[in-house]
Amino acid sequence: RPFDLVLRHARVATASDVFDADIGIRDGRIAMLGRGLPAGLREIDAAGRTVTPGGVDGHCHLDQPMAPPVRMADDFDTGTRSAACGGTTTVIPFAAQVKGGSLQSAVDDYHRRAEGRAHIDYAFHLIVSDPTPTVLQQELPALIAAGYSSFKLYMTYDDLKLDDGQILDVLAVGRQHGAMAMIHAENADCIEWLTQRLEAAGRTAPRFHAHARPMLVEREATHRAMALAELVDMPILIVHVSGREAVEQIRWGRAHGLQVHAETCPQYLFLSAEDLGIDDSYQGARCVCSPPPRDASNQQVIWNALADGLFTVFSSDHAPFNVDGPNGKKPGGEEVPFRHIPNGIPGIETRLPLLYSEGVLGGRITLNRFVELTSTNPAKAYGLHPRKGTIAIGSDADLVVWDERTFTLDNTMLHHAVDHTPYAGRTLRAWPGLTLSRGEVVWDGTTFHGRAGRGEFLRGGEPTLAPRRHSPRTGPD
Ligand code: URP
Ligand code: ZN
Ligand code: ZN
Ligand code: ZN
C-alpha cells in the first residue's frame, strides 16, 4: 500500500540527531524514514529544509473559566488554530478545580469546552485548588489513572493557592500514583504585603505589578517547593522561571540530587519589567504576568540555562486577555489597579518561531536542544511520548517544515483572538512553512486548513523523564 504522503529530502531534526531523509506517512503516522522512498499518493518536496517534530505546548491557558467580567479571549477553536499556525501540534491547557467544587466536574466542564472545537490534539493538566479528603483519596487517584497524569499547584493567587501542608498532601498522592507535579512558585504573603503598601501609596499603575513581585518572592517559594517535594520524594517541575534567583535555587537542588525540573517561557527572554511601563501609562497592562519579566541580565541567565540543560521545557504560558475591546481594560473597560489586571500574556503562536529565530538561528542553542525543549521533553514529562514529541517510526506525523525568512512581526499575522502581541515589531528569521497534524496539512505558511473537532483528546500516561519510583499502575483504585 503506498504512503498517503511522502515528505521528501527533509533535514530531519530530533532531540538527538539531524539527518537527511524522506518521511513516509501512512494513516497519520510516520511509517518509514529513509532515502529514496517509493512514491506516495501525495508528495511534498522539503528540499533541504529543516523538519522538526510539532511543538508540544505543555503550558497554555485556553477558555479557562475566570471570575466575571474577565474572560479569556481564546477558546479551543481560536487557541488551537493559533497554535497550529505557529508550529504547535499538541496543547496541554488546564482543567481547574474551583474551591468547593469537585475535580471531576472541572474535567467534565473542560471536555465540553474542547469537544468539537480543537484543531489539533490536546491533553489536560489538572489544577488542584481544594485538596479535600475525597479529592486526595478518590478523585485525584482515579483521574491520574484515567489519563490526567499531571497537575499544577499554586503557591499564590487567593482562589487557587495551597498552603504547605496541602501541597505535601497532593504531592504524596502524585508520587503514589505516578503523576507529574507542576508548581507555580511565588510567596503569596510577601506579594500581598507589598501590594497593600503600594496601594496605600497610590502606586497602582501596571508597572507596580513588578514591584510587588521582586525576585526574592520567587526565590523563596522555589526553594520551599523543592523542600516539600524532597520530603515526599516526588519529582516536580517549577513553571515559568523568570530569572537568576530561581535558577540558582534549581541549580542548588539539582546539585543536591533533587529531582527538580524547570520551565521557562518567551516572556523571560524577550520582555523586561520596562514593558510594564516606564511611567504610569496603562499600556503596560498587556505585559502583566507572574512572575513578571525582569531585565536584560536576567534574560541572559535564562538563555544560559536553556543552553546548558538546566531547563527541561520551554512553554508559552499563553494566557489570552484583551487589553482593549469588549473584554475590556481587564475588567469592564476602565483602567484598573494592577491587583485586578488578569495575569498572563499571549504567545501560543509565537513560542516556536521566537526560539527558532533567536535561539537556533541566533546561535544560542542547538537545533537538538530546540526540539528537546519545545517538543520531546514536554511529551515525556506529561506522558505523551513517543506518540508525540519525536520523529520516529510509529509516532504521529506531527511535523513542522521551517521557512527561514526575515520579517517584522505584527499582530495581524497571528490567528489568536487577542488584540495584541507583546512581540509586535520584532524581527523574526523563521516561521513554519508547513504544519502537519497526524499527517494532515493544517497550515501551509499562508493559509490555515484545520477543522474544528479534528483534534483528539490524548490521555496522559506515565511521565517518562525519569524512571518511575512508585509501584506499577493497576488502574483506578
Ligand atoms: O501570569 C501568568 N503566568 N498567568 C497565567 C497563569 C499562571 O499562573 O500560569
Ligand atoms: Zn502559574
Ligand atoms: Zn500559566
Ligand atoms: Zn492507584
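Residues numbered from 1 in each chain as written. Chains lettered and ligands numbered in written order. Predicted model: local features only at pLDDT ≥ 70, side-chain atom pairs only at ≥ 80, totals over all residues.

Under an unreviewed UniProt entry, the name given to the protein is Dihydropyrimidinase, and the organism recorded is Sphaerotilus mobilis. The record in UniProt for the protein states the following under Sequence similarities (unreviewed entry): "Belongs to the metallo-dependent hydrolases superfamily. Hydantoinase/dihydropyrimidinase family." (UniProt positions renumbered as here; feature names shortened; annotations may be inferred.)

(A) The overall build of the protein, seen in detail. When helices and strands are tallied, the protein shows 12 helices and 18 strands. On C-alpha atoms alone, the protein measures out to a radius of gyration of 21 Å, which is about the 23 Å that the 2.2 N^0.38 rule sets for 477 residues. Across its three principal directions, the C-alpha atoms of the protein cover 70 × 50 × 45 Å. When the 477 residues of the protein are sorted by exposure, 56% land in the buried category. (Helix = DSSP H or I, 4+ residues; strand = E, 2+ residues; numbered from the N terminus. Rg over C-alpha atoms; globule rule 2.2 N^0.38 Å. Buried ≥ 20, exposed ≤ 12 C-beta atoms within 10 Å, placed from the backbone.)

(B) Geometry of the sheet that holds strand β7 (residues 88–91). Spatial ordering of the open sheet is given by β6-β7-β9, a layout of 3 strands whose pairing is parallel. Two strands lie at the open edges of the sheet, namely β6 (55–57) and β9 (121–122), each paired on one side alone. Sheet topology places β7 next to β9; 2 bridges connect them, and they run parallel. Following the sheet pairing, Val 91 is matched in β9 by Tyr 122. (Pairing = 2+ DSSP bridges.)

(C) Representation of helix α8 (residues 244–255) within the structure. For α8, with 12 residues, the first-to-last C-alpha span of 16 Å sits near the 16 Å given by 1.5 Å per residue. Here α8 has its buried residues at Glu 245, Ala 246, Val 247, Gln 249, Ile 250 and Gly 253. Immediately downstream of α8, the backbone of Gly 257 shows phi near 85°, a positive value. (Expected span 1.5 Å × (residues − 1).)

(D) Broad picture of the UniProt feature "modified residue: N6-carboxylysine" (unreviewed entry) in the protein. Residues annotated in UniProt with the feature "modified residue: N6-carboxylysine" (unreviewed entry) correspond here to Lys 152. Relative to the elements of secondary structure, Lys 152 occurs in strand β11 (residues 150–154). We classify Lys 152 as buried; it has 20 C-beta atoms within 10 Å. Contacts of Lys 152, omitting those with residues within four sequence positions, involve Phe 94, His 125, Ile 127, Met 182 and His 184. (Contact = placed C-beta atoms within 7 Å.)

(E) Inspection of unusual backbone geometry at higher detail. Residue Pro 69 is bonded to the preceding Pro 68 through a cis peptide linkage, with omega at 5°. One can find Pro 69 in the loop between β6 and α1 (76–85). In the segment running from His 385 into Pro 386, the intervening peptide bond is cis, with an omega of 5°. Within the secondary structure, Pro 386 sits in the loop between α12 (367–381) and β16 (399–408). Positive phi, normally seen in glycine, also occurs at His 240, with a value near 35°. Here His 240 shows up in the loop between β13 (236–238) and α8. His 240 sits in the buried class, given 23 other C-beta atoms within 10 Å. A positive phi angle, close to 45°, is found at Arg 438, a residue other than glycine.

(F) Quick look at the nonpolar core. By size, the foremost hydrophobic cluster in this structure holds 140 residues, and its most contacted members are Ala 181, Ile 183, Ala 225 and Ile 238. Dropping the residues within four chain positions of it, Ala 181 is found in contact with Phe 151, Leu 153, Leu 171, Gly 174, Met 234, Ile 236 and Leu 237. (Core = buried A, V, L, I, M, F, W, Y, C linked by C-beta atoms within 7 Å.)

(G) Region of the structure containing the sheet that holds strand β8 (residues 94–96). Spatially, 7 strands are ordered β8-β10-β11-β12-β13-β14-β15 in an open sheet, and the strand pairing comes out parallel. Two strands in the sheet have a free side with no partner beyond their single neighbour: β8 and β15 (313–314). Inspection of the sheet shows β8 paired to strand β10 (residues 125–127) by 3 bridges, in the parallel sense. Counterpart to Ala 95 in the pairing with β10 is Leu 126.

(H) Structural detail: helix α4 (residues 164–177). Taking 1.5 Å of rise per residue, 14 residues should cover 20 Å, and α4 covers 20 Å from first to last C-alpha, within 8% of that figure. Burial in α4 covers these residues: Ile 167, Asp 169, Val 170, Leu 171, Val 173, Gly 174 and His 177. Of the surrounding secondary structure, the elements contacted by the buried residues of α4 are α3 (133–145), β11, β12 (180–184) and α7 (215–232). Among the residues trailing α4, Gly 178 stands out with phi positive, at a value near 75°.

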